[in-house]
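Here is what each chain is made of, one letter per residue.
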Amino acid sequence: MGRSTSPLGSSDDENGTPSNTNNNDLGIHSIRDRFLFKRNHPNPSPKMNQNKPSNDRYLIRNRHATINRFNRKGLISLFRFKGAYVLYFMIFFAVFVFAMASMVMQSSIASVFGSEKRMVRERLRFGSSLRFVQRQVLGDGLDRERSKPRIGLRPPRIGLISANELVSIIGNLTKDPRSLMLITVVKNLQRLGYMFKIYAVENGNARSIWEQIGCRVSILGPEQYDLIDWSIFEGVIVDSLEAKEAISSLMQEPFLSIPLIWIIEEDTLANRLPVYVESGLKHLLLNWKSAFSRANIVVFPDFSLPMLYSVLDTGNFFVVPGSPVDVWAAEVYSNTHDKYQLRKENGYHENDMVVLVVGSSFFYDELSWDYAVAMHDIGPLLIKYARRKDAEGSFKFVFLCGNSTDEYNDALQELASQLGLLQGSMRHYGLDGDVNSVLLMADIVLYGSSQVEQGFPSLIIRAMSFGIPVITPDFPIMKKYVVDGLHGIFFTKHDPDALMKAFSLFISNGRLSKFAKAVGSSGRMLAKNMLASECITGYARLLENVLKFPSDALLPGPILQFQQSSWEWNLFRNEIGQGTGDMANMDERVTSHRNSSVVRVLEEVFSNVDSTIISEVKNQTRVHDIPSGLDWDVLRDIENMEESERLELEELEERMESDSGVWDDIYRNARKSHKFKFEDNERDEGELERTGQSVCIYEIYSGAGAWPFLHHGSLYRGLTLSTAARRLRSDDVNAVGRLPILNSTYYRNILCEIGGMFSIAKRVDNIHKKPWIGFQSWHAAGRKVSLSLRAEKVLEEKIQETKGDVMFFWAHLDMDGGVEGSKDMLTFWSICDMLNGGSCRTAFEDTFRQMYALPSDVEALPPMPDDGDHWSALHSWVMPTPSFLEFMMFSRMFVDSLDALHINSGKNNSCLLSSSEVEKKHCYCRVLELLVNVWAYHSGRKMVYLDPISGALKEQHPVEQREGFSWGKYFNLTLLKSMDEDLAEAADDNDYPREKWLWPLTGEVHWQGIYEREREERYRFKMDKKRKTLAKLYERLKNGYVQRSLGS
């Protein structure tokens, strides 16, 4: 900087000695000499160099002459400019003045804008950039799965929910740009084969559009948030922060494995996060962080929002760029406001040329040097145009950045005066004001940020939507979408000459050139559907990589099928044209969702909690309240002394004679003591409610999220597969306590509901003493197939008059329906194959063969008729208790054989009955769900379907029609008992067929040998007790001991 910024006055020292008297001189004179030799005399003659005296002699000899000339002619006489020298001096002087002005501008701007958020500024050096690095990397999607054979039963289902009542996409079904974006995405995803179910908290004018594109819409209230069975969906999409309460059930089992995609477009919470950190609201931060961590993917529409939410980032943030919000806002604003009226209101002349300078809305409020660099780049523009004042108008440079404060505007006015610019030629507007009005007033928009953007700047999209020609640096993201000279003009970053050249293309005689108007028109057409194709494709790729498609779901079509690259403007044409959209007056990027209810409510709740905790901590004594080792020793001695005193008192009471009281009082006290034992009476209330009933239906569940689906009548009783998930203050049966194998997460997951049935069957007399028993999965209530009050009454009445083995069921297999037009083609085994990765028949046949030790040439797949009747599903049935025990006997052996095949296959980490990770986790569940149909049909049980709504009864697969189909010999009770005893004998002898033998762990192990051994043990115990009694009697008679009578 010494060469280009040395002031003119520094050429002389205090004594008047010129500074150019040194060889190391860096002043103006030395620079002029270099220009002289390089340009005016490129080939100096040797004679000139020889005649020139040395520097020392020259100074001594000419010292006096120089001082005399200085005294006579002044300072100018120091420099003898002749001819071309004058030109060189003027060029250098111009550069020098511009450099000084740049320094003044940068220092002035830094003094104003550098006061806020210096932490970000300190971490970023000049020339560096701030980028969001996504940890989530999408793979190849379903390319590998599509190459495999697959038979699907239904399209993949996605639930889409929102609880935002303000400007939500679906929350109140309003027509706004967020609805436009999501409707466009959903409509294109439907073409790939996805099926959507829409949940909304309020009705609205956009409901007809959702129904028009084929989506089912349900209106939810707060009391219904927990009554949705999310397990029927392959994934759930949430659209806003306001949906946090609506997805509370998704944060509990059994819904934790459901993929959740959370779309965040508002910045309300992001603006509050720094306040939470400064205020010490740790509990509130943890609450939001736990909610964000539940989502598999948190999606943002641009790259600035995830950086604002970085405090809550757990590695699941992802950006799918693209939104019509800027185009929508520009279209609506243009239809409701006039450009020249806005200019008049803001003090601009109709013929003024308004040049708007914008930058990154994320940085301009934080990084003053970024703004200063932009000012440096446009310095030549300011000097050239802002000093001119024509009769018809002048150039006005408007800067859109920061907040609407007087400090920003004062700084710009000070700069203008220092540069000699016209009064009012520079003005500032804040991003927290009416951004649309500032953009609409502009004639040219200049993007002056030095930051290399990851995404296309939203302010540029909105400016292009207003039809304003734009000038931007040649960033890669700009070149990706904008064609230079067609949709805008590029210039090289930090090159004022390139910027001046680009700007001059838009100016003709002080007005916008025709070229500029053509660029503005082309840019407007481009911006209307910019990023639409990328947004649609981004969500399609995201779903392919996040969702897990089960075996019965059809795979969506490849993304290459997409042909649409525009938003669905035709569905919202009236709202935009009339300016009646729900977001007509909002600036989504900056001021949206300021009154977000969920953020405000949680702040009030957690502010009270944290303030209470902080006040309690402050009021406590930190040193003396912490017990020392001596304190613990003293406490231990006190407890020991109290215990010894208590024992002494008890011994004294035993030695003293006391009146036992009346027998009635003794009996009453004993009963009262027995009643207070919780372990023996924890189910008293439930047992009393079920007294006199002939049936009890056990509802199987595995998490707190299933509690709202359980019934509370005397007909039902809960059966939990997890001790931690047991309902409070209930008499639910703890399956883990009755069957220890369910403590293993692996076996609990692969057995599912059948594991709970095994726990009931184990010593059933201790838990169930009724002649009929039933089961129902919590899924039945979630899928609207649980029994109504009328159906319950019909079932209880029918049981009273039924004799024989009958199985009543009310949830049938094809309740979801098959592929349209092919329902009649579906059979029991074909549906089973679709539910189990196409391997149901093979697995069932191999299991059946191993279970009965059948040779390979014997058919081992039990036939199931295709008569159009229903088959049971969801473990929702009732049967006599003896029949249930027989079914459990068969199921235990079947599960053991199935597990043996799985272990012997050598693929312990895989499951042949699955095609996704979720199915692999619950490997045996879908086959075991259908097993009751095979057993009931071939064992000769009467199967009756009970309509869960009307209570109508209809027999399915009549017994008399089963001749020729039934394999009764394999399901004979005598055969099953014999097989069960053989397995029990082997287990009793520790003769395990394999290391991991499942059968002994699933229930009771009992055979005749065990019965005889237990009888012998009882007899031995009885005889031993008799012997001890006789010995005690003999001892008393020998010593003459006589027992005192009672009351003596």
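Residues numbered from 1 in each chain as written. Predicted model: local features only at pLDDT ≥ 70, side-chain atom pairs only at ≥ 80, totals over all residues. Heavy atoms only, no water.

Labelled according to an unreviewed UniProt entry, the protein chain appears under the name Glycosyl transferase family 1 domain-containing protein, originating from Xanthoceras sorbifolium.

Enquirer: For a nonpolar patch on the surface, give the residues involved together with the corresponding values.
Expert: Taken together, Leu630, Val634 and Ile638 make up a surface patch of nonpolar side chains, about 270 Å² in accessible area. In this structure isoleucine 638 comes out as partly exposed when scored by relative accessible area, which is 40%. (Patch = residues over 30% accessible without salt bridge, like charges linked within 9 Å, V, L, I, M, F, W, Y side chains within 5 Å. Areas by Shrake-Rupley, 256 points an atom, 1.4 Å probe, with all protein chains shown as cover. Salt bridge = Lys/Arg side-chain N within 4 Å of Asp/Glu carboxyl O. Buried < 20%, exposed > 50% of the residue type's maximum accessible area, 1.4 Å probe, protein only.)

Enquirer: Give a detailed account of the sheet that holds strand β11 (residues 444-447), specifying residues and quantitative values.
Expert: Here we have six strands laid out as an open sheet, ordered β10-β9-β8-β11-β12-β13, and parallel in their pairing. Edge positions in the sheet fall to β10 (426-429) and β13 (489-491), since each has one partner strand and no second. Averaged over all pairs of adjacent strands, the angle between their axes in this sheet comes to 25 degrees, without regard to strand direction. With two bridges connecting them, β11 and strand β12 (residues 470-473) associate as parallel partners. Residue pairing in the sheet places valine 445 in a bridge with valine 470 of β12. Contacts between helix α19 (residues 458-465) and the sheet are confined to β8 (353-358), β11 and β12, with β12 contributing the most and set at about 155 degrees to the helix. (Pairing = 2+ DSSP bridges. Helix = DSSP H or I, 4+ residues; strand = E, 2+ residues; numbered from the N terminus. Axes fitted to C-alpha atoms, helices over the stretch in contact; angles between N-to-C directions. Contact = heavy atoms within 4.5 Å.)

Enquirer: How would you explain the packing of aromatic side chains if you had to name every residue and give the values?
Expert: Evaluated as defined, the whole model comprises 42 aromatic pairs. Ring centres of tyrosine 746 and tyrosine 747 lie 5.0 Å apart, and the angle between their planes is 75 degrees; on these two criteria the pair is classed as edge-to-face. Residue tyrosine 746 is classed as partly exposed on the basis of its relative accessible area, which comes to 38%. Tyrosine 747 gets classed as buried once you look at its relative accessible area, which sits at 14%. Between tryptophan 829 and phenylalanine 844, the aromatic rings sit 5.0 Å apart at their centres with planes inclined by 65 degrees, giving edge-to-face as the arrangement. Separated by 15 residues along the polypeptide, tryptophan 829 in helix α35 (residues 828-835) and phenylalanine 844 in helix α36 (residues 840-852) bring together distant segments of the chain. The pair formed by tryptophan 829 and phenylalanine 844 is uniform in burial state, with each residue classed as buried. (Phe/Tyr/Trp six-rings, centres within 6.5 Å; stacked < 30°, edge-to-face > 60°.)

Enquirer: Go over the state of the cysteines, please, and point to the residues and values.
Expert: Following the criterion strictly, the structure yields three disulfides and no others. Disulfide partner of cysteine 752: cysteine 925, at an S-S distance of 1.8 Å. Residues cysteine 752 and cysteine 925 share a disulfide whose torsion about the S-S bond is about 75 degrees; that sign makes it right-handed. Taken as a pair, cysteine 752 in the loop between α31 (745-751) and α32 (753-761) and cysteine 925 in helix α39 (residues 925-938) lie far apart in primary sequence, 173 residues in all. Both residues of the pair, cysteine 752 and cysteine 925, belong to the buried class. (Disulfide = S-S within 2.5 Å.)

Enquirer: Residue-level account of a negative patch on the surface, with values.
Expert: Where like charges cluster on the molecular surface, the negative patch consists of Glu639, Glu642, Glu645, Glu648 and Glu651. With respect to the element layout, glutamate 639 can be found in helix α26 (residues 629-655). (Lys, Arg positive; Asp, Glu negative; His and termini not counted. Charge placed at Lys NZ, Arg CZ, Asp CG, Glu CD.)

Enquirer: Describe the pattern of salt bridges, with residues and values.
Expert: Inspection of every chain in the model, using the stated rule, returns 27 salt bridges. Glutamate 234 is the salt-bridge partner of arginine 154, the closest N and O atoms lying 2.9 Å from each other. With arginine 154 in the loop between α7 (143-146) and β1 (157-161) and glutamate 234 in the loop between β3 (216-219) and β4 (235-238), this pair connects stretches of sequence that are 80 residues apart. On the basis of relative accessible area, glutamate 234 is assigned to the buried category, the value being 6%. The residue aspartate 896 makes a salt bridge to arginine 994 at a minimum N-O spacing of 2.6 Å. Within this pair, whereas aspartate 896 is found in helix α37 (residues 881-904), its partner arginine 994 is found in the loop between α40 (973-988) and α41 (1008-1039), the two being separated by 98 residues in sequence. Residues joined by salt bridges that share partners form a network here, namely Asp143, Arg146 and Glu544.

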